[in-house]
Amino acid sequence: MSAIGMNELMSIPTGMEACDAMLKAAEVELVSAGCVCAGKYYIVVTGDVAAVQSSVQAGARVSDNLLVDSLVIPNVDPQVAPAISACTMVDRLDALGIMETYSLCAAVHAADAASKAADVDLLEVRLGRGLGGKSFILLTGEVAAVRSSIEAAEALPETQGLMAKSVVIPSPHPDMLKAIG
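All of these numbers come straight from a predicted model, not from anything done at the bench.

**Concerning the sheet that holds strand β8 (residues 163–169)**
- On the basis of which strands lie adjacent, the open sheet formed by four strands has the order β6-β7-β5-β8 and antiparallel pairing. Strand pairing shows two members of the sheet lacking a second neighbour, β6 (120–127) and β8, which therefore form its edges. Adjacent strand axes in the sheet meet at a mean angle of 10°, parallel and antiparallel pairs treated alike.
- Strand direction decides the pairing type here: β6 and strand β7 (residues 135–141), joined by seven bridges, are antiparallel. When the sheet's bridge partners are listed, R126 is paired in β7 with F136.

**Description of the pattern of salt bridges**
- If you walk through the whole model with that rule in mind, you get six salt bridges.
- The salt bridge involving E8 is made with K40; its shortest N-O contact spans 2.8 Å. Linking E8 in strand β1 (residues 3–9) with K40 in strand β3 (residues 40–47), this pair joins segments that are 32 residues apart in sequence. Each of the two residues, E8 as well as K40, counts as buried.
- With its nearest N and O atoms 2.6 Å apart, the salt bridge here joins E124 to R126.

**Some thoughts on the confidence of the model for the protein chain**
- Summing up the model confidence of the protein chain, the mean pLDDT is 92 and the portion of residues at 70 or higher is 96%.
- Here helix α6 (residues 176–180) stands out as the least confident element of the protein chain, with mean pLDDT 82; helix α2 (residues 49–61) is the most confident, with 98.

**Considerations on unusual backbone geometry**
- A positive phi angle, near 60°, is found at N65, a position not held by glycine.
- Take N65: it is sitting in the loop between α2 and β4 (67–74).
- The residue S171 is not glycine, and still its phi comes out positive at about 45°.
- By secondary structure assignment, the location of S171 is in the loop between β8 and α6.

Definitions and cut-offs
Residues numbered from 1 in each chain as written. Predicted model: local features only at pLDDT ≥ 70, side-chain atom pairs only at ≥ 80, totals over all residues. Heavy atoms only, no water. Pairing = 2+ DSSP bridges. Helix = DSSP H or I, 4+ residues; strand = E, 2+ residues; numbered from the N terminus. Axes fitted to C-alpha atoms, helices over the stretch in contact; angles between N-to-C directions. Salt bridge = Lys/Arg side-chain N within 4 Å of Asp/Glu carboxyl O. Buried < 20%, exposed > 50% of the residue type's maximum accessible area, 1.4 Å probe, protein only. pLDDT = per-residue confidence, 0-100.

Put into structure tokens, the structure is as follows:
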């Protein structure tokens, strides 16, 4: 997987139609798709850059002006797709970083930038489910690394005006593993 692409739409039926178009347009793998709060639908795919670009464009073409946002990130950090699927296992937390965004696409941009900025483990990218359209990112690592990762994500042009709140919790209580699991 060298690229990740995403379409975020303001219609569930059109979102499903866009998902089908994206998967038929190019040789990509579906990472995640589904309904989220505020009546949105999102589709995330991975593959080589050209295939992901073609896929995202195909989904946008059938969006009937209901496309909220889209992205293609070449050379995406390998932690991002598993974190979107919530497949990351952790048995201890150093510092815990939490970033909240107003946009699903902004969350994916933020997760990629954060995981590339410093030595951190991306735990989860929660895309809008049960969050009133917001998303959040969880990451862990040394306090300084988590802080610099969050700063890098907040500085991205793609996240400007779309970051709700970010915090770093140094040495979280061990029971916090239950709270994020």
